[in-house]
Amino acid sequence: MSVVPAAAQVLAILRYLAGQAGPVPAAAISRDVGVPRSTTYHLLDTLAREGFVVHLPEERRYGLGVSAFELGSGYSRQAPFERLARVPLARLVDRTGHNAHLAVLHGREVIYVIEERAPGRPPLVTEVGVRLPAHLTASGRAVLARLPAAQVRALFPDASTFVRRNDLGPTSLSALRHLLTEVRARGYATEEDEITPGFSSVAAAVLDHSAHPIAGVAVTFPGGEVDEAQRLRIADEVGRVARELTRRVGGVAG
């Protein structure tokens, strides 16, 4: 299937802007997305005229516009991805006996869009709509590990962006990069006591047609109840569901 370069560049710019904490200069967009500066300005001008991007002339920065919000609202109303994911997550709970959830990246946080609870298991902080720091969660780490290094750097430019819970987790970009390298080598992400003391999580990323991460599938369990062999089995099950959802959305393995 052929790719239209201009369309791919427009989508890359919108995806990049959606991942930022606020409006950014055109030069940063050009650098981090990998689009020539002149092309970036032309595309931003077109997007601004159509309302998908807003230009802040005093700040010389660009952010998402109202049309992007309307597009996102339409997606929220239809919730196609959540519909596709709910049954596989329920089956994941049946196979592991632990709570499972699906989260998407929003800036430096993940938002939980589905939670499937296992019978008899306590509720967690990963309820639908809850936001947590991406670099501390297994779901967030699974997604961040699949992002370009430049985008991770843009999300975490300095030490002030590394929020902590329970006095655990990476506190610098170099520490986060090391952690994400381990995630890529292992094929799944983990988290231990960093969100809720006594609980651990295993997660894997769901990828779109360009191998870009669109969500993280995770299972959370009491750390003291699950030995190493069981954790590996849970990781295998999580990876299987992530691959299934990747296929369901027309994605490709990275």
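Residues numbered from 1 in each chain as written. Predicted model: local features only at pLDDT ≥ 70, side-chain atom pairs only at ≥ 80, totals over all residues. Heavy atoms only, no water.

**What to know about the pattern of salt bridges**
For the structure shown, the criterion picks out 13 salt bridges. The shortest N-O distance in the salt bridge between Asp32 and Arg153 comes to 4.0 Å. In this pair, Asp32 sits in helix H2 (residues 26-33) while Arg153 sits in helix H7 (residues 149-155), placing the two residues 121 residues apart along the sequence. By relative accessible area, Asp32 is classed as buried at 13%. With relative accessibility at 35%, the residue Arg153 sits in the partly exposed group. The closest approach of N and O atoms between Asp45 and Arg49, which form a salt bridge, is 2.4 Å. One end of the pair is Asp45 and the other is Arg49, both in helix H3 (residues 37-49) and four residues apart, which spans about a single turn. Residue Asp45 is classed as partly exposed on the basis of its relative accessible area, which comes to 41%. Owing to a relative accessible area of 58%, Arg49 belongs among the exposed residues under this scheme. Through salt bridges with shared partners, one network takes in Arg31, Asp32 and Arg153. (Salt bridge = Lys/Arg side-chain N within 4 Å of Asp/Glu carboxyl O. Helix = DSSP H or I, 4+ residues; strand = E, 2+ residues; numbered from the N terminus. Buried < 20%, exposed > 50% of the residue type's maximum accessible area, 1.4 Å probe, protein only.)

**As for the sheet that holds strand E6 (residues 189-192)**
The six strands lie next to each other as E5-E4-E3-E8-E7-E6, forming an open sheet whose pairing is antiparallel. Every other strand in the sheet has two partners, leaving strand E5 (131-133) and E6 as the edge strands with one partner each. Strand-to-strand twist in this sheet, taken as the mean axis angle between neighbours without regard to direction, amounts to 30 degrees. For strand E7 (residues 199-207) and strand E8 (residues 213-222), the ladder comprises nine bridges, and the chain directions are antiparallel. Its bridge partner being in E8, Phe199 is matched across the sheet by Pro222. Sheet strands in contact with helix H5 (residues 80-96) are strand E3 (99-106), strand E4 (109-116), E7 and E8, and its direction is about 65 degrees off that of E4. (Pairing = 2+ DSSP bridges. Axes fitted to C-alpha atoms, helices over the stretch in contact; angles between N-to-C directions. Contact = heavy atoms within 4.5 Å.)

**What to know about the side chain of Glu115**
Relative to the helices and strands, Glu115 is located in strand E4. For Glu115, a relative accessible area of 14% gives the class buried. At a separation of 3.3 Å, a polar atom in the side chain of Glu115 contacts the side chain of Arg117. (Polar contact = N/O pair within 3.5 Å; in protein donor to acceptor, adjacent residues only side chain to side chain.)

**Some words on the layout of surface pockets**
In this structure, the second largest pocket occupies an estimated 360 Å³ of space. Around the second largest pocket sit 22 residues that line it, and Arg146, Gly187, Ala204, Ala205 and Arg243 are the ones nearest its centre. For the lining of the second largest pocket, the secondary-structure elements that each account for two or more residues are helix H8 (173-186), E7 and helix H9 (228-248). At eight residues, H9 tops the list of elements feeding residues into the lining of the second largest pocket. Taken together, the residues of the lining of the second largest pocket sort by class into 12 nonpolar, three polar and seven charged. (1 Å grid on protein atoms, 1.4 Å probe; cavity = no way out; pocket = protein on both sides within 12 Å on 5 of 7 lines; lining within 4 Å. Points joined across faces, edges and corners; volume = space filled by probe spheres on them. Nonpolar A, V, L, I, M, F, W, Y, C, P; charged D, E, K, R; others polar.)

**Comments concerning the side chain of Ser201**
The topology assignment puts Ser201 in strand E7. For Ser201, the contacting residues outside a window of four places in its chain are Ala138, Ala189, Thr190, Glu191, Val219, Thr220 and Phe221.

**Observations regarding the confidence of the model for the protein chain**
Detailed reading of the predicted model is not advised wherever pLDDT is low. Confidence in the prediction for the protein chain averages 89 pLDDT; 95% of positions are at 70 or higher. Per-element confidence in the protein chain is highest for helix H6 (residues 138-144), whose mean pLDDT is 96, and lowest for helix H4 (residues 66-78), whose mean pLDDT is 68. (pLDDT = per-residue confidence, 0-100.)

**Re the nonpolar core**
One finds Val110, Leu144, Val152, Phe156, Leu176 and Leu180 to be the most contacted residues of the largest nonpolar core, which totals 26 residues. Secondary structure elements with two or more residues in this core: E4, H6, H7, H8 and E7. Considering every element that reaches this core, the biggest residue donor is H8, with five residues. Core analysis: the next-biggest nonpolar cluster, separate from the first, contains 25 residues, Ala100, Leu102, Val206 and Leu245 among them. (Core = buried A, V, L, I, M, F, W, Y, C linked by side-chain atoms within 4.5 Å.)

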